[in-house]
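A look at the structure
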Amino acid sequence: LERTPYNKFSNIDSGLRGAARGYVVVLQDVRGRNASEGEWYPFKYEPADGYDSVEWCAKLPYSDGKVGMIGGSYVGATQVLTAIAAPPHLVGMYPTITASNYHEHWAYQGGAFMQLLSQAWSSSLAVNVLERRTGASAAPSHWDFRKAPADYPVIDPGKAAGVADYYFDWIAHPTYDDYWKQWSIEAHYAQVTVPGVHVAAWYDLFQDGSIRNYMGLKQHAATEEARRGQRLVIIPGGHAGFGRKIGDVDFGADSVLDLEGYGYRWYDHLMKGIDNGIDREKPVRIFVMGRNGWRDEDD
């Protein structure tokens, strides 16, 4: 299951590759995005909606009742927030380059507002909100020639409210208060009952959050099985790129890890019971900068 705000059709190729490996891959637009109804507000609905989505997948006629989740960045957030809600049929997650605290590791860093990230991300997502809204109001059947031009929904500031209200909420909450704590991953590690592979990256704005999620769940997840089942992979690029060259530095062909293949290898063992040896490998795999090679660690 992949729950995304970035249009479910954008990852069809990955879904087909998963299907070729014998998995049913469900790609879903999160609430209020693209083909899904409702209000889009980052993080707010992901635990409850994720819970419902997992349980819906588990009841499909061709499902064996085991549901795993995949995806990176915000799509990693939808996974961990779902895991916090603890749907009974969720068996694992694979969050890639995502945060652990959406105040400190998303909207703010060290107390400073992340202006470029917050403005660019919210603005790009607001386009779809506007398209959904104007798609209805621009239809001839919705025109009302008796109203003043300024009352047209796109122009009237009052009716334009809700396009990206969360951006202004972020500014209104500069400290780690109850607004942020309600969907903080770090504050809810003890509710997670499933194992997970966490992918961090050296050149990534969410590096700290991904490592914190691994360490926090390894120590505080709800069950011994979940604590033992956490794994960490640290790659070079992340949001800075997934190729061998990051900026001006070439880390060599060996630096490019097949993340999709690694994830399905892990799910082959977790969901299908295939003895491929991944459970006997050390839980931490790091690409070592300078030496430009991989190293496996116990912790």
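First things first, this report covers the structure right here in the doc. (Residues numbered from 1 in each chain as written. Predicted model: local features only at pLDDT ≥ 70, side-chain atom pairs only at ≥ 80, totals over all residues. Heavy atoms only, no water.)

**Structural notes on the packing of helix α2 (residues 46-58) against helix α3 (residues 74-85)**
Note the threshold: Convention adopted: a line fitted to C-alpha atoms gives each axis, helices being fitted over their contacting stretch, and angles between N-to-C directions are expressed from 0 to 180 degrees. A run of H or I in DSSP counts as a helix once it spans at least four residues, and a run of E counts as a strand once it spans at least two, with each numbered from the N terminus. An angle below 35 degrees is read as roughly parallel, one above 145 as roughly antiparallel, one from 65 to 115 as roughly perpendicular, and any other as oblique. Contacts are residue-level and defined by heavy atoms, with any inter-residue pair within 4.5 Å sufficient. Residues were grouped as follows: Ala, Val, Leu, Ile, Met, Phe, Trp, Tyr, Cys and Pro as nonpolar; Asp, Glu, Lys and Arg as charged; and all remaining residues, including Gly, as polar.
Orientation of α2 relative to α3, taken along the N-to-C sense of each, is 80 degrees, at an axis distance of 8 Å. Between α2 and α3, the crossing angle belongs to the class labelled roughly perpendicular. Of α3, the residues touching α2 (which contributes Glu46, Pro47, Gly50, Tyr51 and Val54) are Tyr74, Thr78, Leu81, Thr82 and Ala85. Each residue belonging to the contact of α2 with α3 can be placed in one class, and the counts come to 6 nonpolar, 3 polar and 1 charged.

**As for the pattern of salt bridges**
A side chain of one charge can pair with a side chain of the opposite charge when the charged atoms of the two come close. The cut-off we apply is this: Here, a salt bridge means any side-chain nitrogen of Lys or Arg that lies within 4 Å of a carboxyl oxygen of Asp or Glu. Each residue gets one of three labels from its accessible area relative to the maximum for its type: buried under 20%, exposed over 50%, partly exposed in between, using a 1.4 Å probe on protein chains only.
Counted under the stated rule, the structure contains 14 salt bridges. One salt bridge connects Arg212 with Asp208, and the closest N-O pair in it is separated by 2.9 Å. With Arg212 and Asp208 both in helix α9 (residues 207-220) and 4 residues apart, the pair spans about one turn of that helix. Residue class for Arg212 comes out partly exposed when judged on its relative accessible area of 37%. Of the charged contacts in the structure, one is a salt bridge between Arg265 and Glu281, with a shortest N-O distance of 2.5 Å. Residue Arg265 is found in helix α11 (residues 259-272), and its partner Glu281 is found in the loop between α11 and β11 (284-288); the two are separated by 16 residues along the sequence. The structure contains a network of salt bridges with shared partners spanning Glu186, Asp208 and Arg212.

**So, the environment of Ile286**
Within the secondary structure, Ile286 is located in strand β11. Between the C-alpha atoms of Ile286 and Val233, which are 53 residues apart in sequence, the distance is 5.8 Å. If we ignore the near neighbours within four places in the chain, the residues touching Ile286 are Trp202, Ile234, Gly293, Trp294, Arg295 and Glu297.

**Considering the pairing of strand β12 (residues 293-297)**
Applicable threshold: A pair of strands is considered paired only if DSSP assigns at least 2 bridges between the two.
Relative to β12, β11 runs antiparallel, the two sharing 5 bridges. Within the sheet, the bridge partner assigned to Arg285 lies in β12 and is Asp296.

**Let's talk about the packing of aromatic side chains**
This is how it is decided: Note on aromatic contacts: the rings of Phe and Tyr and the six-membered ring of Trp form a pair at centre separations within 6.5 Å, being stacked when their planes are under 30 degrees apart, edge-to-face when over 60 apart, and tilted otherwise. Here, a charge over a ring means that NZ of Lys or CZ of Arg falls within 6 Å of the ring centre while also lying within 35 degrees of the ring normal.
Counted by the stated rule, this structure contains 28 aromatic pairs. Their ring planes at 40 degrees and their centres at 6.2 Å tell us that Phe43 and Trp183 sit as a pair that is tilted. Here the residue Phe43 occupies a position in the loop between β2 (27-29) and α2, and Trp183 occupies one in the loop between α8 (178-181) and β7 (196-201), the gap between them amounting to 140 residues. On the accessibility criterion, Trp183 (4% relative accessible area) is buried. A ring pair is formed by Tyr203 and Phe251, whose centres lie 6.2 Å apart and whose planes are at 45 degrees; its orientation type is tilted. Pair noted here: Tyr203 is in the loop between β7 and α9 and Phe251 is in the loop between β10 (249-250) and α11, with a separation of 48 residues, a long-range link. For Tyr203, a relative accessible area of 39% puts it in the partly exposed group. Phe251 sits in the buried class, given a relative accessible area of 7%. Directly above the ring of Tyr23 sits Lys272, whose terminal nitrogen or CZ lies 4.2 Å from the centroid.

**Thoughts on a nonpolar patch on the surface**
The following threshold applies: For patch building, the residue pool is restricted to those with more than 30% relative accessible area and no salt bridge; the joining distance is 9 Å between like charges and 5 Å between nonpolar side chains (Val, Leu, Ile, Met, Phe, Trp, Tyr). What sets the accessible areas is the Shrake-Rupley method with a 1.4 Å probe; for residues, cover comes only from the shown protein chains.
A cluster of nonpolar side chains, Phe9, Ile12 and Leu16, forms an exposed patch at the surface whose accessible area comes to about 320 Å². One can find Phe9 in the loop between β1 (2-4) and α1 (12-20).

**A few points about the sheet that holds strand β4 (residues 90-96)**
Paired through their backbone hydrogen bonds, the strands of a sheet run either parallel or antiparallel. The mixed open sheet is built from 6 strands, whose spatial order is β3-β4-β7-β8-β11-β12. This sheet does not close on itself; its edge strands, each paired only once, are β3 (67-72) and β12. Strand after strand, the sheet turns through a mean of 15 degrees between neighbouring axes, direction not considered. In this sheet, β7 lies alongside β4 in parallel orientation, the contact comprising 2 bridges. Bridge pairing links Met93 to Gly196 in β7.

**Structural notes on the environment of Val75**
With respect to the element layout, Val75 can be found in helix α3. Assessed through its relative accessible area of 5%, Val75 is described here as buried.

**Observations concerning the pairing of strand β8 (residues 230-235)**
With 6 of its 6 residues buried, β8 lies for the most part within the structure. Residues Gln230, Leu232 and Ile234 line one face of β8 and the alternating positions Arg231, Val233 and Ile235 line the opposite face, and both faces are buried. Alignment of β7 against β8, held across 6 bridges, turns out to be parallel. The residue bridging Ala201 from the neighbouring strand is Ile235, located in β8.

So far we have only geometry, and geometry alone does not tell us how the molecule works.
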